[in-house]
Amino acid sequence: MKHQFAFFTSALFMLSGKPSFAQTVQTARVTAAEIYMNDVAQVYREATLNLKKGIRTVVIAGIEGQLIDQNSVAVEIYPKGQVIRIFPPAEVECKDDDICREFQRQLERLQSEIQQDRLELEKLTTAEKILIQNANVTNSQNLNLNLLRESINYFRTETAMLTDAKHKRKTQIDEKQQKIQELQAKIQSRNRYLQTHVRNYSALVEVPQDGQYQIGISHLIKGINWRLQQEIDIDETEKHAIVRNLAEVRLTTEERWEDAELTLINKSFDLSGKPIEFRPLRAVFFRPSPVMTIDVAPVRTQRMAETAQKILANEDVEAEQFDISSMIEETIDGETFRLSGKYRLSKDTPLTKELYRDTLPVQLKYQIFPYVETKAQILAICHTKVHVLRLNPSVIRLNGRAVGIESNPLFLSDDSVQIRLGTVNYITAIRKRQNLYSSRSFLGSSKKDTYEYSIQVTNRRNSDVTVTVIDRIPVSTDSRIEVKFKKKGQVEPDKQGMLRWEITLQPGLSRTLEYGFEIIYPKDKVIELIEDGIENAKTSVPR
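Now for a look at the structure at hand. Note that the structure is predicted; figures quoted are calculated from it, not measured.

### Here's the deal with the overall build of the protein chain
Part 1: If you tally the helices and strands in the protein chain, you get four helices and 33 strands.
Part 2: Looking at the protein chain as a whole, 42% of its 543 residues are labelled buried.
Part 3: Across the protein chain, the fraction of contacts at a sequence separation of at least 24, relative to all contacts at a separation of at least 6, is 77%.

### Observations concerning the state of the cysteines
Here, disulfide denotes a covalent bond that connects the sulfur atoms of two cysteines.
Part 1: Counting across every chain of the model gives one disulfide.
Part 2: Each disulfide pairs two cysteine sulfurs, and for Cys-94 the partner residue is Cys-100, the sulfurs being separated by 1.7 Å. For the disulfide bridge between Cys-94 and Cys-100, the dihedral angle about the S-S bond is near -90 degrees, and by the sign convention the bridge is left-handed.
Part 3: Among the residues examined, Cys-94 registers a relative accessible area of 13% and is labelled buried.

### A closer look at the pattern of salt bridges
Part 1: Enumeration over the complete set of coordinates arrives at 31 salt bridges.
Part 2: Between Glu-128 and Lys-166 there is a salt bridge whose closest N-O contact spans 2.9 Å. Taken as a pair, Glu-128 in helix H2 (residues 98-140) and Lys-166 in helix H3 (residues 145-197) lie far apart in primary sequence, 38 residues in all.
Part 3: Assessed through its relative accessible area of 15%, Lys-166 is described here as buried.
Part 4: Arg-344 is the salt-bridge partner of Glu-258, the closest N and O atoms lying 2.8 Å from each other. Of this pair, Glu-258 sits in strand E14 (residues 257-265) while Arg-344 is found in strand E17 (residues 343-345), placing the two residues 86 residues apart along the sequence.
Part 5: Salt bridges sharing common partners tie together Glu-231, Asp-233, Arg-244, Glu-354, Arg-357 and Arg-397.

### Side note on the environment of Lys-53
Part 1: Residue placement: Lys-53 occurs in the loop between strand E5 (40-51) and strand E6 (54-64).
Part 2: Between the C-alpha atoms of Lys-53 and Asp-210, which are 157 residues apart in sequence, the distance is 4.7 Å.
Part 3: Look past the residues within four positions of Lys-53 in its chain and what remains in contact with it is Val-207, Pro-208, Gln-209 and Asp-210.

### Brief notes about empty space enclosed by the protein
Part 1: Overall, the coordinates contain three cavities of 30 Å³ or more when judged by the stated rule.
Part 2: In terms of lining, the largest cavity is formed by Val-58, Ile-60, Val-73, Val-75, Ile-86, Phe-87, Tyr-201, Ser-202, Ala-203, Ile-215 and Ile-217.
Part 3: When residues of the lining of the largest cavity are traced back to their parent elements, those giving at least two are E6, strand E9 (82-91), strand E10 (198-207) and strand E11 (211-222).
Part 4: Along the lines of polarity and charge, the residues of the lining of the largest cavity split into ten nonpolar, one polar and no charged.

### With respect to the pairing of strand E21 (residues 395-398)
Part 1: Strand direction decides the pairing type here: strand E12 (residues 224-234) and E21, joined by four bridges, are parallel. The residue bridging Ile-232 from the neighbouring strand is Ile-396, located in E21.
Part 2: Bridge analysis of E21 against strand E22 (residues 401-403) gives three bridges, and the strand direction is antiparallel. Across the sheet, the residue bridging to Ile-396 is Val-403, located in E22.

### Describing the sheet that holds E21
Part 1: Taken in spatial order, the five strands of this open sheet run E18-E13-E12-E21-E22, and their pairing is mixed. Of all strands in the sheet, those with a lone pairing partner are strand E18 (351-361) and E22, marking the two edges. On average, each strand axis in the sheet is tilted by 30 degrees relative to the strand beside it, whichever way the strands run.
Part 2: Pairing between strand E13 (residues 240-251) and E18: ten bridges, direction antiparallel. Directly across from Ala-247, in E18, lies its bridge partner Lys-353.

### Some remarks on unusual backbone geometry
Part 1: Note that the residue after Tyr-78, namely Pro-79, is joined by a cis bond; omega there is 5 degrees.
Part 2: Among the secondary structure elements, Pro-79 is positioned in the loop between strand E8 (74-78) and E9.
Part 3: Unlike most non-glycine residues, Asp-39 shows phi in positive territory, near 65 degrees.
Part 4: Take Asp-39: it is sitting in the loop between strand E4 (29-35) and E5.
Part 5: Among the residues examined, Asp-39 registers a relative accessible area of 24% and is labelled partly exposed.

### So, the pairing of E12
Within a regular strand, the side chains alternate between the two sheet faces.
Part 1: Of all eleven residues in E12, nine are buried, a share of seventy percent or more.
Part 2: Of the pairings in the sheet, the one linking E12 to E13 comprises eleven bridges and is antiparallel in character. From the neighbouring strand, Ile-234 faces E13, where its bridge partner is Ala-241.
Part 3: The antiparallel hairpin formed by E12 and E13 contains five residues in its connecting segment, where Glu-238 sits at a positive phi of about 60 degrees.

### Things to note about the packing of aromatic side chains
Part 1: A full pass over the atoms with the stated rule returns nine aromatic pairs.
Part 2: Ring geometry for Phe-337 and Tyr-356: centres 6.0 Å apart, planes at 15 degrees, overall stacked. Of this pair, Phe-337 sits in strand E16 (residues 336-338) while Tyr-356 is found in strand E18, placing the two residues 19 residues apart along the sequence.
Part 3: Taking 6.2 Å as the distance between ring centres and 20 degrees as the angle between the ring planes, the aromatic pair formed by Tyr-453 and Phe-517 counts as stacked. Pair noted here: Tyr-453 is in strand E26 (residues 446-459) and Phe-517 is in strand E31 (residues 510-522), with a separation of 64 residues, a long-range link. Grouping residues by exposure puts Tyr-453 and Phe-517 together as buried.
Part 4: Cluster of aromatic residues (ring-pair linked, three or more members): Tyr-451, Tyr-453, Trp-501, Tyr-515 and Phe-517.

### Quick look at the environment of Glu-206
Part 1: Here Glu-206 is to be found in strand E10.
Part 2: Spatially, the C-alpha atoms of Glu-206 and Lys-80 are 9.1 Å apart, while their sequence positions differ by 126 residues.
Part 3: Contacts of Glu-206, omitting those with residues within four sequence positions, involve Gly-54, Ile-55, Gly-81, Gln-82 and Ile-84.

### Things to note about the side chain of Asp-471
Part 1: With respect to the helices, strands and loops of the structure, Asp-471 is situated in strand E27 (residues 465-472).
Part 2: In terms of polar contacts, Asp-471 uses its side chain to reach the side chain of Tyr-515, at 3.2 Å.
Part 3: Excluding its chain neighbours within four sequence positions, the residues that come into contact with Asp-471 are Pro-370, Tyr-371, Arg-431, Ile-455, Gly-497, Met-498, Leu-499, Trp-501 and Tyr-515.

Rules behind the numbers
Residues numbered from 1 in each chain as written. Predicted model: local features only at pLDDT ≥ 70, side-chain atom pairs only at ≥ 80, totals over all residues. Heavy atoms only, no water. Helix = DSSP H or I, 4+ residues; strand = E, 2+ residues; numbered from the N terminus. Buried < 20%, exposed > 50% of the residue type's maximum accessible area, 1.4 Å probe, protein only. Contact = heavy atoms within 4.5 Å. Disulfide = S-S within 2.5 Å. Salt bridge = Lys/Arg side-chain N within 4 Å of Asp/Glu carboxyl O. 1 Å grid on protein atoms, 1.4 Å probe; cavity = no way out; pocket = protein on both sides within 12 Å on 5 of 7 lines; lining within 4 Å. Points joined across faces, edges and corners; volume = space filled by probe spheres on them. Nonpolar A, V, L, I, M, F, W, Y, C, P; charged D, E, K, R; others polar. Pairing = 2+ DSSP bridges. Axes fitted to C-alpha atoms, helices over the stretch in contact; angles between N-to-C directions. Phe/Tyr/Trp six-rings, centres within 6.5 Å; stacked < 30°, edge-to-face > 60°. Polar contact = N/O pair within 3.5 Å; in protein donor to acceptor, adjacent residues only side chain to side chain.

Encoded structure:
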């Protein structure tokens, strides 16, 4: 079987003026899209239609998406069809839009119903007046007491029924008027949307004989975007982090896509003042081509070039030359993801698709700052494949539970990364001051304050845990103030006054850590300890 393709871009054939000749109106479905990070996409559409032999105008109606440049529109028709001209996209009026027409029909129906309701309300009002007149006549007659009582009860019942019916009818009218206002607002909103996002595309085509043809359109539009998200899962062994990289694709127009092939490009489309560069329609009509390996690429590149020349010359091409496996994907700058399968997409149903995943070896580390909080913080330390991690993952899970919901949960360095997983309540530390009431003494012209602390660390987990306990002593910034550390155990403060214990606790056991320090300062001075907190974990002593 042989195919012949007509391949033209609007840069050569886009002309002004209104389409003429016999017209065929058709809608086109989205078959593929190449989506950039900045709400820009090149969208491919396809329609099947029956055409008579000769020249005629084909109108593809109701194409949604804010067109960036009409020069990005390309059209082709096959088999053996020819595109003569591409007309500028035309605005769509409300009367030509299915959604807008439906709103108008609902509006007209409600307006007709309100007219009927008002007529019924007038009838009820007239009946009420007649009933009141009859009641007055009855009261003026000389009736016996029982008959008069029955007449009054009758008129009261009928009057109540008429009043209730009038109230219900007025309520119905009010409700329908409210619906009319809502419909009018929807029609105005739809009209604005049509003016900015919907166009009819037209092309003058020539076909050699009566029959069924396929027409395709490619254009560059705004109205669809995607972003790369990352999820990190620490598995049950707590030795591996599974990094899942996800694409979230959102359609912001009112259109619904069915069975569309998606290619995601991890960069922004260049919308600067220079001429727009866009990808033309593929030689194989709207069919994505796989990337070829190096060993066969030169041969197939030559075959593709020869085939393209035949297409442009409007010559017959052997079907086997268009085998998808023989085509080469056009190179795109930046990272590109071609999603397997076909997808449904709408404004209300965004698409989330996993692109790829990595598995990183991690080591869990527990640390606790007892002067700040009693719960231990948990970190996942990774030393390999650090480059695959993003600074702001969308979610981090530990054993299936979402943790680490912080603005900046990752700390990157040249050779490692720390993933903050939040706090755990099964490792705790209670910090207490021991000598609260007998801590001050005098040495000549100086005073000495003594501080002694104990930290009780408890492991309530059912396995051994190694935890780093971090505390601190004051750091003097005044030569008249001296801070002396009282050694207790195998720990020494660093230059910032930080103390670190690395301890291993068995399940259900506790351990007590102790330390102390002395502050010596002039007798006529008063000092106050200021704790800066966890960020710099340091204590200063003011003058």
